[in-house]
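Analysis of the macromolecular model
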Amino acid sequence: MNREMIRRVVVALLLGSVMIAVALMQDEPGRAHQAGPPAVLVDFNRDIHPILADKCFVCHGPDATAKKIKLRLDSEAAATADLGRGRRAIVPGQPDKSALIKRITHADDAMRMPPTDSGRTLTKSEIDLLTEWIKQGANWQSHWAFVAPVRPQLPQVKDAFWPKNGIDHFVLARLEREGLQPAPEADRATLLRRVSLDLTGLPPTLEQLDGFLNDESPSAYEKAVDRLLASSRYGERMAFKWLDAARYADTNGYQNDGDRYMWRWRDWVINAFNRNLPFDQFAIEQLAGDLLSKPTLDQRIATAFNRNHRQNSEDGLIPEEYAVEYVVDRVDTTSTVFLGVTMSCARCHTHKYDPFTHKEYYQLYAYFNSVPEDGRGSYHTSQPWIPAPTVEQQERLRQIETDIARTRRRLNVLVSSHQNEERRWARALSSDSASGSLQQWFPAQNLLLRHSLDANAKVELVGRPENRAFAGYELAKPQMDAKQPAAGFRDGSPANVTSPVGKGVVFDGHLFYDAGRIADFDNSDRLVDHHDQFAISAWFYAESENSGAIVTHMQDKPGEKDGSLSKNRGYGLFFNDGKLHWNIVSVWADDSWRVETDPVAIKQWHHVVAIFDGREPYERARIFLDGRKQKLKLNNGRLFRTFSDTSASLRIGGGAGPEYRFKGKLDEVRVYNALPDPEQLAMLSCADSLPSIAAIPEKERTESQQLKLLNAWLDMRAPTRAHETWEQLNGLKRQKAKLEREFPLVMVMEELPTARPAQILLRGLYDSPGEKVTRGLPASLNTENNQPSNRLEFAQWL
């Protein structure tokens, strides 16, 4: 990752013509450096291990026990052990007493090893190497990958003027040993083309080529390299191999291969190279950026590295099985790209060729096992995710937030300057309170429709264009056709009743209001993913613990014999079993988001706001009762597909079957196509009329009362400048919400508050748990014998 290091290596590689020579430096496995017995120190990893692995391990390696073969040559202890009657395969320093040498040099074909019919006969040079190695003491080494590298001395060369750097000494020494001469240095145009393609993936332009050819300074090439390293294309060129290794994809990889927004992580990788991010940070942020103290947006996006795995959303899969597969993928990918080792064998059994046990695999597994994800993924983006705005979107958001703050300050000044006018208006209102005149006001920003539920009233589709259109498309557009009857009350005649906010309607278990095909949220042809946001507000009075449907967008199909809702698709707010139920349903049993409150008092008026936030991974459904957020029981938390039903109507007091017709009273039903903010929630739950609020001394008014009175004045009676500033503030809030809905969502890592237990999985099977394990490192890598306690400490260790 260090740019200066890359620069030096690039210069060395291209000026030294190393590409061919490096290949020459590498011995073929088992090949001697020279004919006949070597005169130099034999290196186990370089010279001996390849011979044993190729010619001997098939019988005398990790599978020897299974083959009932006593001798093993894959470990020093086994190779030097007593085989009986004083025989040892290897006696260090004494090849003439080593059974290995006797057998590989035996004159009798039937006794010689490897057997002549095995196809693995040793060459004379290989026999010489094995003999010399034992003669020199049979020095054993662990696998070269686990040995710390040591900088070697530069070899002596005959042509002392050719090398320009340390690498060139090794290249030339090997060439001279092989009786070869270095290739001529490439011409300058070829050099520039090579380095341009290597560092940016693009050839030089004619202007760049001319500039390089005309630059006669000794540092012309270095300047060209510096220019290429400074190019934004450099990061793209460097990133593509990392993206491949990290299994980057913008689709899920199973069945219909749904889209997802992992390109935000791809951009992070490109930017990491372009800003020369140090490698330790590059590793830590991708493995555990979410666990850093106060992680930035970029650091959280970085953790998408370990969410790049395939996500299965097929019907019929077993979520527990794929939850294991996702963790296994993280272990295997992390060990491959960061540790440079293959851990996957140890998923099922102790590794045969590398020093990793079956248990150690699941100790690593435990670091990645506490992500709050579902084994059954979404067709698109699967939890956990975060909004990941681009740089341009972040700048736009900052500008809007600045404008909101500025406009709010300006509005506060205007309200303060017109305070006397507001008070005169409030006094005029309070003088009407004695007559019982009710003048209600509720927020209309992002209001899609309302029904006052006076006997002769109808659903009002709010006419403001900014409320009807949102995020670049028209939400919940009414779908009227000649066959659809006009909206209105069905199965009875409405009777008015006094409610906290005016006049409501009595629902007798038969009567309901059919508003037509409107407010159909979550149409799959409108969205890349199902991320609608909407809210339902209503006043209700439940006659019994099973009063039924308050507001639904579901077909009026009868349920199953047990009265379940399993056949109904859409959304609905119900009062059943003495509780509020908020159900957003594609398939009732396994593709729905369904919650319920604690018991709610019956035979009294309540206000409810039910919210669905499709951009929230965990708390998609929320309920506010009488202005207070409710603790909810999650009955089902897996919503993968659209819950839209274009054939269903919005119904008040009905829907989901005749058995769910409401029994009680309802008033002031509102549907918003965006999420209400805390101020709007406070005003919606405030039943007090404007005159009654105005009659209360200012210092004694609650916050919701004061907000309701002030906003009503700004909406209906404030001077033009104050009203326009208030409208401007509301418009900016809508712009902000619209922009935030456009942010791409990227899947990231997140940690559960309490670590999820991990167990050894016998043969790697999700349904065969064995011994419980704690987080820990493989002993062969843990030289300091410490055990990182979490994913961040693991990343820092790595």
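Everything in this summary refers to the structure shown in the same document. Everything quoted here is computed from the prediction, not taken from an experiment.

For the structure shown, the criterion picks out 35 aromatic pairs. Where Y362 meets Y365, the ring centres are 5.3 Å apart and the plane angle is 55°; that geometry is what we call tilted. Within this pair, Y362 and its partner Y365 are both found in helix α16 (residues 358-365), separated by 3 residues, close to a single helical turn. Taking the relative accessible area as the measure of exposure, Y362 reaches 0% and is therefore buried. With a relative accessible area of 5%, Y365 lands in the buried category. Among the aromatic side chains, those forming a connected cluster through ring pairs are W242, Y248, W265, W268, F273, F279, F282, F305 and F338. Positioned above the aromatic ring of F212, the side-chain terminus of R188 is 4.3 Å from the ring centre. Above the plane of the ring of F305 lies R247, whose end atom (NZ or CZ) is 5.5 Å from the centre.

Here the focus is empty space enclosed by the protein. The final tally for this structure, using the stated rule, is 2 cavities of 30 Å³ or more. Taken as a whole, the largest cavity holds about 110 Å³ of empty space. Taken together, 14 residues line the largest cavity, and the ones lying closest to its centre are R376, S378, Q383, R620 and F640. Per-class residue counts for the lining of the largest cavity are 4 nonpolar, 6 polar and 4 charged.

To continue, consider a positive patch on the surface. Residues K70, R85, R87 and R103 make up a contiguous surface patch of positive charge. Structurally, R85 is set in the loop between α4 (76-79) and α5 (99-104). Taking the relative accessible area as the measure of exposure, R85 reaches 77% and is therefore exposed.

Counting 67 residues, the largest nonpolar core has W265, W268 and Y365 as the members making the most contacts within it. With near-sequence residues (within four places) excluded, W265 lies in contact with W242, L243, A246, Y248, Q286, I301, A302, A304, F305 and N308. Core analysis: the next-biggest nonpolar cluster, separate from the first, contains 43 residues, V459, I536, L639 and F643 among them.

Turning next to the pairing of strand β7 (residues 496-499). Burial along β7 is one-sided: the face carrying V497 and S499 is buried and the face carrying N496 and T498 is not. As paired elements, β7 and strand β8 (residues 502-508) share 4 bridges and run antiparallel to each other. Bridge pairing in β8 links T498 to K503. The turn joining β7 and β8, which pair antiparallel and follow one another in sequence, is formed by 2 residues.

Moving on, we come to the side chain of Q383. Along the chain, Q383 falls in the loop between α16 and β1 (385-387). Overall, the relative accessible area of 16% leaves Q383 in the buried class. Residues within four places of Q383 in sequence aside, it is in contact with R307, P372, E373, D374, W593, P617 and Y618.

Summed over the entire model, instances satisfying the criterion amount to 39 salt bridges. Across the pair D403 and R406 runs a salt bridge, and its minimum N-O distance is 2.8 Å. With D403 and R406 both in helix α17 (residues 391-417), this residue pair falls 3 residues apart, about one helical turn. The partly exposed category is assigned to R406, whose relative accessible area is 38%. For D677, the salt bridge identified is with K733, shortest N-O distance 3.8 Å. Of the two residues, D677 sits in the loop between β20 (663-672) and α20 (678-684) while K733 sits in helix α23 (residues 720-741), which places them 56 residues apart along the sequence. For D677, a relative accessible area of 24% puts it in the partly exposed group. Exposure remark for K733: the relative accessible area of 24% places this residue in the partly exposed category.

Rules used in this analysis
- Residues numbered from 1 in each chain as written.
- Predicted model: local features only at pLDDT ≥ 70, side-chain atom pairs only at ≥ 80, totals over all residues.
- Heavy atoms only, no water.
- Phe/Tyr/Trp six-rings, centres within 6.5 Å; stacked < 30°, edge-to-face > 60°.
- Helix = DSSP H or I, 4+ residues; strand = E, 2+ residues; numbered from the N terminus.
- Buried < 20%, exposed > 50% of the residue type's maximum accessible area, 1.4 Å probe, protein only.
- Lys NZ or Arg CZ within 6 Å of the ring centre and 35° of its normal.
- 1 Å grid on protein atoms, 1.4 Å probe; cavity = no way out; pocket = protein on both sides within 12 Å on 5 of 7 lines; lining within 4 Å.
- Points joined across faces, edges and corners; volume = space filled by probe spheres on them.
- Nonpolar A, V, L, I, M, F, W, Y, C, P; charged D, E, K, R; others polar.
- Patch = residues over 30% accessible without salt bridge, like charges linked within 9 Å, V, L, I, M, F, W, Y side chains within 5 Å.
- Areas by Shrake-Rupley, 256 points an atom, 1.4 Å probe, with all protein chains shown as cover.
- Salt bridge = Lys/Arg side-chain N within 4 Å of Asp/Glu carboxyl O.
- Lys, Arg positive; Asp, Glu negative; His and termini not counted.
- Charge placed at Lys NZ, Arg CZ, Asp CG, Glu CD.
- Core = buried A, V, L, I, M, F, W, Y, C linked by side-chain atoms within 4.5 Å.
- Contact = heavy atoms within 4.5 Å.
- Pairing = 2+ DSSP bridges.

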